[in-house]
Each structure stands twice: as structure tokens, then as C-alpha cells.
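Coordinate inspection notes
Residues per chain, in single letters:
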Amino acid sequence: VPPQDLWIRKRLIDEIGAMVEDRAFAERGYWNVAWWRGAVRRARAGERGLATTLWKGFIAEAWQRHFVDRVRHQEKFSVFHDPVRYARDLRQSLSS
């Protein structure tokens, strides 16, 4: 039995349940929210064999929230002094 099974049953099922109920989870558009909610209900009812799948979804969503969502809300700035001029110069140098 993978360790995720114990982690989920003993400690993480409530966090995973809260995650799949969260609006941000549904709004991503790539999760089948009804399936995930059902999987959490089944895991809470004692069904085995869901740990690896729940773990992968939990980690993917945690990664998304920690890295992608945080960056999305940061101020954007160009690493180039004049991005339009840089793009034009780059296209010209590649076509030569």
C-alpha cells in the first residue's frame, strides 16, 4: 500500500475535500468537479484504491495554487528595455 493511502485517510481527506469544493478548483476548467467530489465521498466512506489518484490531483492543484496563481497576481514587467524594438530586431536577425 503506498504511503499516500495512509496520509489521505488519516490527515489529508479534509483538505482534499475543501480543495474540490473551492471555487478556484472548479473555475480552472480542467477538473471534472463532480467526479472529484464523488471520489472524496467514496474515500471518506472507506473505498480503497483512490489514494494515488487523489494524491496526484491534490499535488497538481497545490502546485497550481502555489506557483501559477501567485505569479498571475504579480505585477508584470518587461525584461527588455523596449520589447517591441527587441522583437523587431530579433526577427530581422533571424531572417538574415
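Refer to the structure presented above.
Keep in mind the model is a prediction, meaning the values are calculated, not measured.

**Digging into the pattern of salt bridges**
Counted according to the given criterion, the structure contains 12 salt bridges. The shortest N-O distance in the salt bridge between E21 and R37 comes to 3.3 Å. Of this pair, E21 sits in helix α1 (residues 3-21) while R37 sits in helix α3 (residues 33-44); the two residues are 16 residues apart in sequence, bridging distant segments of the chain. For R65, the salt bridge identified is with E61, shortest N-O distance 2.8 Å. Of this pair, R65 and E61 both sit in helix α4 (residues 51-72), 4 residues apart, which is roughly one turn of that helix. Here R65 falls in the partly exposed class, since its relative accessible area comes to 29%. When salt bridges with common partners are traced through the structure, they connect D22, R28, E61, R65 and D69 into a single cluster.

**Some thoughts on α4**
The α-helix winds at 3.6 residues per turn, so residues separated by three or four positions along the chain end up facing the same way. Here α4 spans 30 Å end to end across 22 residues, near enough to the 32 Å set by a 1.5 Å rise per residue. In the structure, α4 departs most strongly from a straight axis at R65, where the bend amounts to approximately 30 degrees. For α4, the complete set of buried residues consists of A51, L54, G57, F58, E61, Q64 and D69.

**Some details on the packing of α1 against α3**
Put simply, α1 and α3 touch, their axes get as near as 9 Å, and they point 160 degrees apart. Between α1 and α3, the angle is such that the two are roughly antiparallel. The two elements α1 and α3 cross, and the hand of that crossing is left-handed. Along its contact with α1, which presents I13, D14, I16, G17, V20 and E21, the element α3 presents V33, W36, R37, V40, A43 and R44.

**Let's talk about the packing of α3 against α4**
Here α3 crosses α4 at 130 degrees, and the two axes come no closer than 11 Å. When the axis of α3 is compared with that of α4, the two are oblique. At the point where α3 passes α4, the crossing takes the left-handed sense. The segment α3 lies against α4, with W35, W36, A39, V40 and A43 engaging T53, L54 and G57. When the residues that make up the contact of α3 with α4 are grouped by side-chain class, the tally is 6 nonpolar, 2 polar and no charged.

How each quantity is defined
- Residues numbered from 1 in each chain as written.
- Predicted model: local features only at pLDDT ≥ 70, side-chain atom pairs only at ≥ 80, totals over all residues.
- Heavy atoms only, no water.
- Salt bridge = Lys/Arg side-chain N within 4 Å of Asp/Glu carboxyl O.
- Helix = DSSP H or I, 4+ residues; strand = E, 2+ residues; numbered from the N terminus.
- Buried < 20%, exposed > 50% of the residue type's maximum accessible area, 1.4 Å probe, protein only.
- Expected span 1.5 Å × (residues − 1).
- Bend = angle between axes of the 7 residues up to and from the residue.
- Axes fitted to C-alpha atoms, helices over the stretch in contact; angles between N-to-C directions.
- Parallel < 35°, antiparallel > 145°, perpendicular 65-115°, else oblique.
- Left-handed = near helix turned anticlockwise from the far one by under 90°.
- Contact = heavy atoms within 4.5 Å.
- Nonpolar A, V, L, I, M, F, W, Y, C, P; charged D, E, K, R; others polar.

So far we have only geometry, and geometry alone does not tell us how the molecule works.
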